[in-house]
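Descriptive structure summary
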Protein chains: 2
Amino acid sequence: MPSIRKELPRGFRWAAVKAGIKASGRTDVAVAVADRAASAAVMFTKNQVVAAPVTVGRRNMAATQGRVRALVVNAGNANCATGPQGIQVAEQTCGRAGEIFDCPADQVFPSSTGIIGVPLPVEKLTAALPNAQSRLANNQAAAEDFATAIMTTDTKMKVSQASLEDAESSVRIFGCCKGAGMIGPQLGPPHATMLVYLFTDLHIEPADLRALLEPAVEASFNSISVDGDTSTNDTVLILASGASGVRWDSVQRSFQDEFCNELQRVCNELAHAVIDDGEGVTHVVTLDVSGLPDDTAAKIIAKSIAHSPLCKTAWSSADPNWGRILCAAGYAGVPFAAENVTITIGGVRVFDHGMRDAGYDEAAVHEKMQQREYTIAIDFGSGPGRSKFLTCDLTVEYVHINADYST
Amino acid sequence: MPSIRKELPRGFRWAAVKAGIKASGRTDVAVAVADRAASAAVMFTKNQVVAAPVTVGRRNMAATQGRVRALVVNAGNANCATGPQGIQVAEQTCGRAGEIFDCPADQVFPSSTGIIGVPLPVEKLTAALPNAQSRLANNQAAAEDFATAIMTTDTKMKVSQASLEDAESSVRIFGCCKGAGMIGPQLGPPHATMLVYLFTDLHIEPADLRALLEPAVEASFNSISVDGDTSTNDTVLILASGASGVRWDSVQRSFQDEFCNELQRVCNELAHAVIDDGEGVTHVVTLDVSGLPDDTAAKIIAKSIAHSPLCKTAWSSADPNWGRILCAAGYAGVPFAAENVTITIGGVRVFDHGMRDAGYDEAAVHEKMQQREYTIAIDFGSGPGRSKFLTCDLTVEYVHINADYST
């Protein structure tokens, strides 16, 4: 993704340092600090097993009613399945960060990503914080340092920006994320190893911010999958510094709509970047499932197809084996009649109301599927339910990456 | 699997011929004929999309109230997603087989396995039936010819036999099956591309036979998964010729129990053979999930682990990444507390009540996981619910096999 050179939201500073947590020796601690306590809204993983920073982050958000001054992220270790000690480690991180960034410990939001079940070396993390503080800056280089330090198996930094202007005011958004494997987010009413951080200088209360975040996440991060593995650490956090001076409850409706559109675009760009950089990915596939009784049914079918190893391996070789798509739809648990189903791949109809399309040309479809990105549209009839779901192929490279992770 | 040289059930004859449906040119039509109409019970796939032979087989079973004289199976083409013509093709097969095997068309049970969405060349199939009839025989060679002809991506023939004897009587069971990919059976109250055929010479009514089949299938074929792809054609059919003269409703309870045990053993052996021959499989893993409120909850978690690409790829390299197992359990949708969870791999405890086991020795676990077969036990607490689920790793070879299927 090209880094968009727009102005950054005011009221935040970013930095990244090397704490020695990543085996690679790269930057692995990222810090964002708001000049004043920012309004915050968060969605965490719905996994039953959550990492210690998720537990502590949730608790802090409740205690402060959605106010965050400092965000401290480490990559290389998920601090998950680490028992009571893991909680202590997250608390120690908040405590030390509070001292350094001059705020109450509960205004610190901790995040971790990386291997599960290995104790996080908290001393390395906290020892790196003073260095991080000395580097804090509100400029593109610092923001991108932040976005780079949170990466694990990602091959590319993932950022997206937006800027809304009218005659007298401007509001800015900066978003970044990480995630390439263990991607099947199900982010809930308060979602994790996809980490998404959104920053804006809009002035808005936490409850209003939350109301903006949920639909934007549902249509983006909750509608993507690399491997269907919903992580224990997935987190989407949005912080609003208020430093633009633009108050959400005072601006015109048209400005509000524009802000929502831009927030959605930033989320969509980041979600697309996650799939595009998915582990071993060679094809990005949009599943456009329509004609079901409701959106939920459409999403259940989209996920069943997106998680089918047989569909995903066929996509890896541009194999027009649409029978596998129909089969994966069929075992999703949603009732439908095959004779109402029509499938197009890259705009070419392959299956028409229960039968192979009369003009089916395998070579033509194969050619369409050789593109890096294309859409598979599956229509089930006349219902209003629809889901647009972004996924990818399953390749030999994915197996290599994940068979060599920790040993 | 070693072929067990036991006597075959009386009252059946088997044959296999080459009809030119498989591109390989191997035997691809398998026929079994009962001397008199046999009692029959069947479980089909729960996929919403079912192959034409499933539709016709279900209809025939209803019409005859569970009586089957001839079973006609073709491999190489699933006759699925083939529209009204596919139904006609299955009906034509039954009609022609009825003429040749001298029975009503609805006493013919059709089965197909292979590629989806390509018209089945019915003329090739029916033209091969006279040759099949001339080869019918009640001997091991013929039964194994049958078991070989139904294979698609299978690398091994899968058969299992049992024989029960007491002073005055004997009852025999012969079972065979095919299936290596698209294996995630969910066989319902009337299940497909796993095909299982069980033959016995017990004298038993169809309703009683059905009552024996369901629990045997639930603990075997419904508790295995290669890739989680529930096929459109999965079928488990049992036929009872009665030719032993042993009547189910007259034998002692102990004989009934022994029959059930042997039927279960045959089903278990065949189910194991499917996983052992799964596409690209290098490790066979038994998931022993316990301590949940009920068996259903245990099976939901077992399936979530069995279908996790991250777990499966870790197993392929004997990687003791138990964090992925815990994570996959966590997103299954079943509530539990991580602090109650204990995980052992190959008998070695790795996770103990919410934390890495104090004596965790990664090298020792890695060694256990280098065995071709081992058990991963995940205990969630004190509940009575349990599931033993058989699955396998995800390898580079699986991707190669399925990325090269039809193109």
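Since we're looking at a predicted model, the values are computed, not measured. (Residues numbered from 1 in each chain as written. Chains lettered and ligands numbered in written order. Predicted model: local features only at pLDDT ≥ 70, side-chain atom pairs only at ≥ 80, totals over all residues. Heavy atoms only, no water.)

Looking at the domain arrangement of chain A
Residue and element names in this part refer to chain A. For clarity, the cut-off: Domain ranges listed in this record stem from an automatic or a database domain assignment. Here a residue-residue contact requires only that any non-hydrogen atoms of the pair lie within 4.5 Å. Note: buried area is the sum, over both parts, of the accessible area (probe 1.4 Å) each one loses when the two are combined. The rule for a salt bridge is simple: a side-chain nitrogen of Lys or Arg has to be within 4 Å of a carboxyl oxygen of Asp or Glu.
Once the domains are mapped, chain A shows domain 1 (12-276) and domain 2 (284-403). Facing the 13 residues of domain 1 at the interface are 13 residues of domain 2. Interface area for domain 1 against domain 2, summed over the two sides, is near 1,100 Å², with a carbon-plus-sulfur share of 50%. Our enumeration of links across domain 1 and domain 2 arrives at two salt bridges. Notably, a salt bridge pairs K299 with E218, separated by 2.5 Å at the nearest N-O pair.

A closer look at the packing of helix α6 (residues 206-218) of chain A against helix α7 (residues 253-276) of chain A
Residue and element names in this part refer to chain A. The cut-off we apply is this: Helix axes use the C-alpha atoms of the stretch in contact, all axes being lines fitted to C-alpha atoms, and the angles between their N-to-C directions lie in the range 0 to 180 degrees. Per the convention used, a helix needs a DSSP run of H or I reaching at least four residues, while a strand needs a run of E reaching at least two, with both numbered from the N terminus. For this classification, under 35 degrees means roughly parallel, over 145 means roughly antiparallel, 65 to 115 means roughly perpendicular, and everything else is oblique. The handedness criterion is simple: a crossing whose near helix is rotated anticlockwise from the far helix by less than a right angle is left-handed, and one whose near helix is rotated clockwise is right-handed.
Contact geometry for α6 and α7: axes closest at 9 Å, N-to-C directions at 45°. Overall, the two elements α6 and α7 adopt an arrangement that is oblique. In this structure, α6 crosses over α7, and the sense of that crossing is right-handed. Only F259, C260, L263, Q264 and C267 of α7 make contact with α6, whose side of the interface consists of L212, P215 and A216.

A short note on the UniProt feature "active site" (unreviewed entry) in chain A
Rules: UniProt positions are given in the numbering used here, feature names are shortened, and annotations may be inferred rather than shown by experiment.
If you check UniProt for "active site" (unreviewed entry), the listed places come out as T193 of chain A in our numbering. Looking at the element boundaries, T193 of chain A is found in the loop between β6 (170-178) and β7 (195-200).

A closer look at the sheet that holds strand β12 (residues 355-356) of chain A
Residues and elements named next belong to chain A. For clarity, the cut-off: By definition, two strands form a pair when at least two bridges between them are found by DSSP.
On the basis of which strands lie adjacent, the open sheet formed by six strands has the order β12-β11-β10-β13-β9-β14 and mixed pairing. Each having just a single partner strand, β12 and β14 (383-392) make up the two edges of the open sheet. Of the pairings in the sheet, the one linking strand β11 (residues 348-352) to β12 comprises two bridges and is antiparallel in character. Bridging across to β12, F351 finds its partner in R356.

Looking at the interface of chain B and chain A
The line we're drawing: Here a polar contact is recorded for every N or O atom pair within 3.5 Å, except that within protein the pair must consist of a potential hydrogen donor and a potential acceptor, and residues adjacent in sequence are included only if both atoms are side-chain atoms.
Facing the 59 residues of chain B at the interface are 59 residues of chain A. Both sides of the chain B and chain A interface together cover about 4,500 Å² of buried area, and 61% of this is carbon and sulfur. Per-residue buried area on chain B facing chain A is highest for Q48, L310 and Y331 of chain B; these three make up 13% of the total on that side. At the boundary of chain B and chain A, one finds zero salt bridges. Along the contact surface separating chain B from chain A lie 12 residue pairs in polar contact (both at pLDDT 80 or more). Of all the secondary structure elements, the ones that give two or more residues to the side of chain B that touches chain A are α2 (83-101), α9 (309-316), α10 (322-330), β13 (355-356) and α12 (396-403) of chain B. The element that contributes the greatest number of residues to the side of chain B that touches chain A is α10 of chain B, accounting for seven residues.

Looking at the sheet that holds strand β14 (residues 373-379) of chain B
All names here are of chain B. Strand order in the open sheet formed by six strands is β13-β12-β11-β14-β10-β15, with mixed pairing between adjacent strands. Only two strands of the sheet have a single neighbouring strand rather than two, namely β13 and β15 (383-392). Here helix α7 (residues 253-276) sits on the sheet in contact with β10 (284-291), β14 and β15, set at roughly 50° to β15. The sheet contacts of α10 involve β11 (342-345), β12 (348-352), β13 and β14, and relative to β11 the element is tilted by about 130°.

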